[in-house]
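Inside the fold
Letter by letter, the chains look like this.
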Amino acid sequence: RWLQQHEYVAKLNVHAILSASAGQEQLLIELLVTYTKIPVLIGELISVEIWKYKIFPVLCRLEDFKPSSTIPIYVVLHHEASIINLLETVFFYKEICESAEDNLLDLIDYCHRKLTLLVGRSANGQTAVLVPPQELQKLAETMEFEISLKALSVLRFITDQVESLPLSVLTRMLNTHNLPCLLVELVEHCPWSCQEAGKLKKFENGTWHVVPPEDQVKMTKLDGQVWLALLNLLLSPECQRKYHFDGFNKSQLLKLRVFLTDVLIDQLPNLVEMQRFLSHLAVTEPPPPKKDLVLEQIPFIWEHILKKNAGKWEAIAKHQVKRVFSSTEEELKLQAHRWSQIYSLDMLEALAPDRPRCVVCGVEAAKRCSRCRNEWYCTRACQVQHWQKHKPACNLVA
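This one's a predicted model, so the numbers in the text were calculated from it and none came from an experiment. (Residues numbered from 1 in each chain as written. Predicted model: local features only at pLDDT ≥ 70, side-chain atom pairs only at ≥ 80, totals over all residues. Heavy atoms only, no water.)

**Notes on the sheet that holds strand S1 (residues 193-196)**
One open sheet holds the 3 strands; their spatial order is S1-S2-S3, and the pairing between them is antiparallel. Where the open sheet ends on each side, the last strands, each with one partner, are S1 and strand S3 (207-210). When strand polarity is set aside, the average angle formed by the axes of neighbouring strands in this sheet is 35°. Inspection of the sheet shows strand S2 (residues 199-204) paired to S3 by 4 bridges, in the antiparallel sense. (Pairing = 2+ DSSP bridges. Helix = DSSP H or I, 4+ residues; strand = E, 2+ residues; numbered from the N terminus. Axes fitted to C-alpha atoms, helices over the stretch in contact; angles between N-to-C directions.)

Following this line, the structure appears as structure tokens:
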């Protein structure tokens, strides 16, 4: 049943992307709201996250965990990416944010954990991920990074609705997690930008690319998401009333002034208001936050799953080794075929920002494997060279 659920989520994600690209996503939004599916998706998202941190490490240590294929594990890891990508596509709409109801607190906690990973990546040069089987390690790290970037976008869309968010949500963002200071860390360290061999590289549209000198001061979409979230959280009168501008928070926020250059403000004119706010903050002492006597709601999905399964992680891992990750070759072929049907490659290629590139040498490619239609090549020679590595996956999918 879970595999079928994953198929539904993956298909829904593809449909959302295609609908959004055509400007026809309103029907999907209405269906998600009408059938209250956003809380379900948030619950699924956190369940997979817990699986990654509680079950997967135990799974990898078990002696009898010797999967003949890593595809089933990849599908579980990919499930989280599918859900967060779907949420990123639809959370632009106010009605989606409202339909999350109390589960919005859980989603904010999830986004906070992912942004903390991004800050840790920029500080340590790597993500704080698990150590899965060797062949999945690089993939897991890349996927964790991209998921965290999607979480940043989701959080920014939530902050767009700051004027209508419940008090408990505002308190969670501003005081429990101190998101303004966390966003300042992202501005400072910019984990989607790095120096390599003396060249500036930035992560955009799912890949790292070298930035030419004339574009190095250009704001990326990810930069914009951070600045817009900061604008929403700091300039809203309600947030200013709730946020505690103590000595530490004030000093952190004032770090933003050095980044507010004329070039940056030209690209996002709203930052003029941010510049004025910070100049005022530097010479004043804001009053302490007003304390309202209310019953604060707290997130429950993460804690509920942890408490329900406390002490059972190893037993669950052993059960999954026998029932989920010990598929026969025929079962794997059937599963791979079903998963390959989720995506219509011809339609998805129309959405790709760049033309496909050869998996061997990286140049622009015009040919692809005629059996599985998954890998691209520039010449027959590259395809022959790659065949021994590609053959196992090709046999599964074809």
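**Here we look at the domain arrangement of the chain**
Examined at the domain level, the chain breaks down into domain 1 (1-165 + 297-350) and domain 2 (357-397). For domain 1 and domain 2, the distance between their C-alpha centres works out to 28 Å. (Domains from an automatic or database assignment.)

**A few points about the pairing of S1**
Across 4 bridges, S1 lies against S2 in antiparallel orientation. The residue bridging glutamate 196 from the neighbouring strand is lysine 199, located in S2. The antiparallel pairing of S1 with S2 creates a hairpin that spans 2 residues between the two strands, and alanine 197 there sits at a positive phi of about 55°.

**A closer look at the pattern of salt bridges**
Throughout the structure, instances matching the rule amount to 15 salt bridges. Linking glutamate 80 and lysine 52 is a salt bridge whose minimum nitrogen-to-oxygen distance equals 2.7 Å. Here glutamate 80, found in helix H4 (residues 71-90), pairs with lysine 52, found in helix H3 (residues 38-61); they are 28 residues apart in sequence, far enough to count as distant. Among the residues examined, glutamate 80 registers a relative accessible area of 0% and is labelled buried. Salt-bridge contacts for arginine 172 lead to aspartate 109; the nearest nitrogen and oxygen are separated by 2.9 Å. Separated by 63 residues along the polypeptide, arginine 172 in helix H8 (residues 167-176) and aspartate 109 in helix H6 (residues 103-124) bring together distant segments of the chain. The exposure class of aspartate 109 is buried, given its relative accessible area of 11%. What emerges from the salt-bridge pattern is a single network uniting Lys52, Glu80, Lys114 and Glu144. (Salt bridge = Lys/Arg side-chain N within 4 Å of Asp/Glu carboxyl O. Buried < 20%, exposed > 50% of the residue type's maximum accessible area, 1.4 Å probe, protein only.)

**Topic: the nonpolar core**
If you look at soluble globular proteins, the nonpolar side chains tend to sit buried side by side. One finds Phe91, Leu107 and Trp192 to be the most contacted residues of the largest nonpolar core, which totals 100 residues. Per-element accounting of this core gives the leading share, 12 residues, to H3. Residues Cys372, Cys378, Cys382 and Cys394 belong to the second largest nonpolar core, which totals 9 residues. (Core = buried A, V, L, I, M, F, W, Y, C linked by side-chain atoms within 4.5 Å.)

**Observations regarding helix H2 (residues 26-34)**
Among the residues making up H2, those that are buried are Leu28, Ile29 and Leu32. Summarising the axial view, the buried residues of H2 lie within an arc of 100°, below the 170-degree limit, and thus occupy one face. Away from its buried face by more than 90 degrees, H2 exposes Leu27 and Thr34. Positioned one or two residues after H2, threonine 36 has a phi angle of 45°, which is positive. (Arc of directions from axis to C-beta.)

**Looking at unusual backbone geometry**
Of note in this structure, glutamate 101 is not a glycine but carries a positive phi near 55°. Assignment of secondary structure puts glutamate 101 in the loop between helix H5 (94-99) and H6. Residue class for glutamate 101 comes out exposed when judged on its relative accessible area of 57%. Despite not being glycine, asparagine 205 has its phi angle at roughly 55°, a positive value. Inspection of the secondary structure assignment puts asparagine 205 in the loop between S2 and S3. Residue classification places asparagine 205 among the exposed residues on the basis of a relative accessible area of 62%.

**Some details on the UniProt feature "domain: MYND-type" (unreviewed entry) in the chain**
In the numbering used here, UniProt assigns the feature "domain: MYND-type" (unreviewed entry) to residues 358-394. Helix makes up 41% of residues 358-394 and strand 11%, and the two end C-alpha atoms of the span are 16 Å apart. (UniProt positions renumbered as here; feature names shortened; annotations may be inferred.)

**Some details on the packing of helix H1 (residues 2-21) against H4**
Look at H1 against H4: their axes get within 9 Å of each other, and the N-to-C directions meet at 35°. Where H1 crosses over H4, the handedness of that crossing is left-handed. For the pair formed by H1 and H4, the contact residues are Trp2, Leu3, Gln5, His6, Val9, Ala10, Leu12, Asn13, Ala16, Ile17 and Ala20 on the first element and Val75, Val76, His78, His79, Ser82, Ile83, Asn85, Leu86 and Thr89 on the second. (Left-handed = near helix turned anticlockwise from the far one by under 90°. Contact = heavy atoms within 4.5 Å.)

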